[in-house]
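Coordinate analysis (summary)
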Amino acid sequence: MSATTLTPEQANPWEVTARTIVYSAIGAALYAVAAQFSFIMPGTSSVSLRPAFALVTFFGFAFGPIPGFFTGLVGNAIADQLSGWGLLTSWNWSIANGVVGFLTGLLAIWLARSIPNRAVLAGVASVVAIVIGFVIVLSDVWLGTAENFGAAFTTGYFPAVWTDALVAVILTPILVLAWDPIRDAMGR
Amino acid sequence: MNIAPRYLGRGSWLARRDPRLLLLVVALFVFAIVQVWDVRLLLALDVIAAAYYRSARIPFGQVRLLWAYIAFFVTVVVFANTLLTAGEVRAINEAHLHVFFRLPLLGTPISAESVTYAIAQYMRFGAMAAVGFPIAFAIAPGDIGPAFARLGVPYKFAYALELTFRFIPSLAADMRTTIDAQRIRGYEWEKIGRGPVGRLRRTVPLLVPVTINAIVGAEDTIDAMDLRGFGTGPRTWLRGLAFDAADWLTLAGFLLIFAVVTWLSFSGLTRLWVPPFLIPA
């Protein structure tokens, strides 16, 4: 398969098959499990890096918008539930994660011809999706988690975008480069 | 590391309820409490949340760390908001604040309003967590799929939700096995790398094999589902769910709470209320 052709999952990204369901469930479960491993950024008091976030962009990129959306939405909600924060306490953040996975899947399709290199495409699609998708967390102002838009931007949107973009730029292309040869060998 | 959801509330009053009730209650309660800043009303909602939480009989010793995490996170939220908004509370102008003192260097005013706001934040998040815990600990893992399907979620997505919960214990075990296998090769994931990039790179030997193994291993599940004709027609669930009188009464109670709070909110009666004893003479 050449680098610019679409994967079978991307050829018809809206079809929901057993494969879509299982990849979505695997992605969400992996994200929920791996999200328990995170670390505080050196030099900050509360900004944490969550390497598992790369799974949201990876599943969106590799398997399409639907598994990407499910991985972000359900994976983040269950991760919050497992950590004690609650399934719906930060439901807007779960939606933002889902939208990032969804947009990564869409951008991977739309930009496939413009950016032939899959690793670069994964990085670009992920970063653009993160910048757009996390705008949803500004709804923290309405929920009362942030006092005003300045606080929502400074404590929510900006740290989320730059830490998750850093994670996605480094880890998503690595996951794509690891998965692509295996996918080709499996004939998928 | 115990990541798998634990059925700690087994046999409790709440665990005997229809699982759909627990999901609906969380949604109704969260959407009600986010409208409230008045600590008197929040106190009433906290009492309701505490009673609901107690009915799940979740042993405190098993969830102590989770409560500590919530306390820490809410503290961070409260302090970040106080510092970054320079003491502005719920759009109250600084001229109208009852200031106790100002923080050194930053000059942020600590006022009766900001103290009340902080208390309200703890009360809101504490109540939301108390109502949310039973979803993790008082719903039988096998009831997740049927519960969402019977709530109107398309059956394919309800099945994906059930699969997610079923995959979590095995993927957590895979994660532990991979950590141990990499340790034998001299890899220590906890070791600090050089800067954020170095720390992220240290997760690669853990994240990549677990992810790729999980995807490759999923082929068996996909084949099994295809062989059973998954997706060819509407799916039925072996587990039957039915609301009993207690379920209907509880749901009606939380619907009433949501309706009353929404009405109070539209009437402007849920805004921040500062207790008179906090206001300096």
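Quick caveat: nothing in here was measured; it's all calculated off a predicted structure. (Residues numbered from 1 in each chain as written. Chains lettered and ligands numbered in written order. Predicted model: local features only at pLDDT ≥ 70, side-chain atom pairs only at ≥ 80, totals over all residues.)

**Digging into the overall build of chain B**
Scanning chain B for helices and strands turns up nine helices and two strands. The N-to-C order of helical and strand elements in chain B reads α-α-α-β-β-α-α-α-α-α-α. The C-alpha atoms of chain B give a radius of gyration of 24 Å, which is well past the 19 Å a tight globule of 281 residues would have. Projected onto its principal axes, the C-alpha positions of chain B cover 75 × 60 × 35 Å. Split into buried and exposed, the 281 residues of chain B put 33% on the buried side. (Helix = DSSP H or I, 4+ residues; strand = E, 2+ residues; numbered from the N terminus. Rg over C-alpha atoms; globule rule 2.2 N^0.38 Å. Buried ≥ 20, exposed ≤ 12 C-beta atoms within 10 Å, placed from the backbone.)

**Some remarks on the overall build of chain A**
Looking only at helices and strands, chain A has eight helices and two strands in total. Expressed as a percentage of the 188 residues in chain A, the buried residues total 60%. Restricting to contacts in chain A with at least 6 residues of sequence separation, those with at least 24 account for 70%. (Contact = placed C-beta atoms within 7 Å.)

**Here's the deal with the interface of chain A and chain B**
Taken together, the 55 residues of chain A in the interface contact 59 residues of chain B. Secondary structure elements with two or more residues in the side of chain A that touches chain B: α2 (18-34), α4 (65-83) and α8 (149-186) of chain A. Here the element with the most residues in the side of chain A that touches chain B is α2 of chain A; it accounts for 14 residues. Split by residue class, the side of chain A that touches chain B holds 38 nonpolar, 15 polar and two charged. (Nonpolar A, V, L, I, M, F, W, Y, C, P; charged D, E, K, R; others polar.)

**Here's the deal with the packing of helix α6 (residues 155-184) of chain B against helix α8 (residues 204-227) of chain B**
Residues and elements named next belong to chain B. Between α6 and α8, whose axes approach to 10 Å, the crossing angle comes to 135°. The orientation of α6 with respect to α8, classified from their angle, is oblique. Like other packed secondary-structure pairs, α6 and α8 cross with a definite hand, here right-handed. The segment α6 lies against α8, with Leu171, Asp174, Met175, Thr178, Ile179 and Gln182 engaging Pro205, Leu206, Pro209, Val210, Asn213 and Ala214. Residues of the contact of α6 with α8, tallied by class, amount to eight nonpolar, three polar and one charged. (Axes fitted to C-alpha atoms, helices over the stretch in contact; angles between N-to-C directions. Parallel < 35°, antiparallel > 145°, perpendicular 65-115°, else oblique. Left-handed = near helix turned anticlockwise from the far one by under 90°.)

**What to know about helix α6 (residues 118-133) of chain A**
Spanning 16 residues, α6 of chain A covers 21 Å between terminal C-alpha atoms, matching the ideal 22 Å at 1.5 Å per step. Summarising the contacts, the buried residues of α6 of chain A are in contact with α3 (53-63), α5 (91-110) and α8 of chain A. (Expected span 1.5 Å × (residues − 1).)

**Section: the environment of Phe277 of chain B**
Assignment of secondary structure puts Phe277 of chain B in the segment after α9 (245-266). By C-beta crowding, Phe277 of chain B is classed as exposed, having 6 other C-beta atoms within 10 Å.

**Thoughts on the domain arrangement of chain B**
You can read the domains of chain B as domain 1 (19-145 + 241-278) and domain 2 (154-227). Spacing between the C-alpha centres of domain 1 of chain B and domain 2 of chain B amounts to 34 Å. (Domains from an automatic or database assignment.)

**Structural notes on the nonpolar core**
Formed by 130 residues in total, the largest nonpolar core has its most connected members in Ala29, Tyr31, Ala32 and Leu55 of chain A. Mapped onto the domain boundaries, this core takes at least three residues apiece from domain 1 (19-145 + 241-278) and domain 2 (154-227) of chain B. In this structure Tyr31 of chain A touches Ala52, Leu55, Val56, Thr71, Gly75, Asn76 and Ala79 of chain A, once residues within four positions along its chain are discounted. (Core = buried A, V, L, I, M, F, W, Y, C linked by C-beta atoms within 7 Å.)

**Re the confidence of the model for chain B**
Taken over all residues, the pLDDT of chain B has a mean of 87, while the share at 70 or more is 93%. Confidence estimates for the predicted assembly give a pTM of 0.84 and an ipTM of 0.88. (pLDDT = per-residue confidence, 0-100.)

**Some words on the environment of Val56 of chain A**
All names here are of chain A. Considering the arrangement of structural elements, one finds Val56 in helix α3. Overall, Val56 belongs to the buried group, with 39 C-beta atoms counted inside 10 Å. A C-alpha to C-alpha distance of 14 Å links Val56 and Ala160, two positions 104 residues apart in sequence. Once residues lying within four places of it in the same chain are set aside, the contact partners of Val56 are Tyr31, Gly68, Thr71, Gly72, Gly75, Asn97, Val100 and Gly101.

**With respect to the pairing of strand β1 (residues 99-102) of chain B**
Each regular strand displays side chains that alternate between the two surfaces of the sheet. All names here are of chain B. Two strands pair when backbone bridges link them, and β1 and strand β2 (residues 109-111) are joined in this way by three bridges, in the antiparallel orientation. When the sheet's bridge partners are listed, Phe101 is paired in β2 with Ile110. Here β1 folds back onto β2, and the loop between the two strands holds six residues, one of which, Leu105, carries a positive phi near 70°. (Pairing = 2+ DSSP bridges.)

**Observations concerning α8 of chain A**
Along an α-helix, a turn takes 3.6 residues, which lines up residues three or four apart on a common side. All names here are of chain A. Under the 1.5 Å per step criterion, the end-to-end length of α8 is only 48 Å for 38 residues, more than 12% shorter than the ideal 56 Å. Along α8, the helix axis deviates most sharply at Tyr157, where the bend reaches about 30°; the proline Pro159 sits within four residues downstream. The first or second residue beyond α8 is Gly187, which carries a positive phi of 75°. (Bend = angle between axes of the 7 residues up to and from the residue.)

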